[in-house]
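# Structural overview for review
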Amino acid sequence: MKTKEENARVPRHVAIIMDGNGRWARQRGRSRLKGHEAGAESVRAVVKACKGEGVEYLTLYAFSVENWVRPKSEIDGLMRLLMRFLKNYEKELHQREIRLRIQGQLEDFPVNVQKEVRRVVDATREYGAGQLILALSYGGRRELAHAARTIAREAAAGSLDPETVDEAAVAARLYLPDVPDPDLLIRTSGEMRVSNFLLWQISYAELYVTPVLWPDFREKEFKKALREYAKRERRFGDIAPKHRHSAE
Ligand code: IPE
Ligand code: IPE
Ligand code: MG
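Reading the values: rules and limits
Residues numbered from 1 in each chain as written. Chains lettered and ligands numbered in written order. Predicted model: local features only at pLDDT ≥ 70, side-chain atom pairs only at ≥ 80, totals over all residues. Heavy atoms only, no water. Helix = DSSP H or I, 4+ residues; strand = E, 2+ residues; numbered from the N terminus. Expected span 1.5 Å × (residues − 1). Buried < 20%, exposed > 50% of the residue type's maximum accessible area, 1.4 Å probe, protein only. Arc of directions from axis to C-beta. Contact = heavy atoms within 4.5 Å. Core = buried A, V, L, I, M, F, W, Y, C linked by side-chain atoms within 4.5 Å. Near = heavy atom within 4 Å. Polar contact = N/O pair within 3.5 Å; in protein donor to acceptor, adjacent residues only side chain to side chain. Areas by Shrake-Rupley, 256 points an atom, 1.4 Å probe, with all protein chains shown as cover. Nonpolar A, V, L, I, M, F, W, Y, C, P; charged D, E, K, R; others polar.

### A look at helix H5 (residues 111–123)
An ideal rise of 1.5 Å per residue puts 18 Å on 13 residues; H5 measures up with 18 Å between its terminal C-alpha atoms. Along H5, the residues that are buried comprise Val113, Gln114, Glu116, Val117, Val120 and Val121. Looking straight down H5, one finds that the buried residues subtend no more than 170° of arc, so they occupy a single side. In H5, the exposed positions angled more than 90 degrees off the buried face are occupied by Val111 and Lys115. Buried residues belonging to H5 abut helix H4 (72–96) and strand E3 (99–104).

Dropping the structure here:
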């Protein structure tokens, strides 16, 4: 049993920018798609590790709204891979009682992919042992524009007083308003940028960037990130607790 103090040091929600599949493949002289395939195995490994470590929510940036500019062959390959992943992986979701959710504009995807995704989302809807959230055709600015549009519509219809629009009102109109903000944001493959991911939700997330490429990011690397997180002091604007006594 972990103590209360130890539990507080486990992030409740981890969000990951899964990057570096292409570089991983290139290093091995293989096609980019082989890199994405190896990356899908990392997804399995990290979901499994979340359950073992007590992480309740895992959000994975699987396809950004910007990724649509990639060559058609890569996009087609990614769609096939997503379909295959869902088919093979559904059993594990049931076994572990994990709920699959989507964050993003699923409508952008081919109809057969939308159907398969919705089927697994519906089949796992009642599970409460953890949530796996896939960000698909996701863009942080798009999500905020969507929230603004919803607010504007409600105000125009007279059901919302513009003067009451505060942070909570915006947060309530994001794609998944019930999901707590990520505590830890991981980016693999060393790129020091956010790439339009969860712009609102990461305002106080701890950042962890590793040079490890996503297909090599398995349980051991994930646990390393959690250990690093456990050492962080989250101050949320306050002064360090150890300095409080002398300051008062
Ligand atoms: C991340 O790997 C996966 C997706 C964006 C779908 P990349 O495909 O971006 O890999 P690199 O950045 O080219 O190495
Ligand atoms: C971010 O990775 C998007 C996903 C991981 C799905 P990219 O590889 O698309 O990001 P940039 O282009 O390096 O910013
Ligand atoms: Mg990349």
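There is more to say after this.
### What about the nonpolar core?
Val14, Ile16, Leu58, Leu132, Ile186 and Phe222 are the most contacted members of the largest nonpolar core, which has 45 residues in total. At 9 residues, H4 tops the list of elements feeding residues into this core. Other than its neighbours up to four places away in sequence, leucine 132 contacts Val47, Leu58, Leu60, Tyr89, Leu93, Ile98, Arg99, Leu100 and Arg101. Listed in part, the 15 residues of the second largest apolar core include Ala15, Tyr57, Ala135 and Phe197.

### Considering the site of ligand 2
The full set of residues close to ligand 2 is Ile17, Met18, Asp19, Tyr61, Ala62, Phe63, Ser64, Asn67, Arg70, Arg187, Arg193 and Ser195. At a separation of 2.6 Å, an oxygen atom of ligand 2 approaches a polar side-chain atom of serine 195. Bound to the protein, ligand 2 loses 78% of the 390 Å² it would expose on its own. With 4 residues, strand E2 (residues 57–64) is the largest single contributor of residues to the shell around ligand 2. A class-by-class count of the residues in the shell around ligand 2 yields 5 nonpolar, 3 polar and 4 charged.

### Examining the site of ligand 1
Around ligand 1, the neighbouring residues are Met18, Asp19, Gly20, Asn21, Gly22, Arg23, Arg32, His36, Ala62, Asn67 and Arg70. A distance of 2.7 Å separates an oxygen atom of ligand 1 from a polar atom in the side chain of arginine 70. Isolated, ligand 1 exposes 380 Å² of accessible area, and the fraction of that covered by the protein chains is 86%. Among the secondary structure elements, those contributing two or more residues to the shell around ligand 1 are helix H2 (21–27) and helix H3 (32–53). Per element, the largest residue contribution to the shell around ligand 1 is 3 residues, and it comes from H2.

Geometry only, nothing functional implied.
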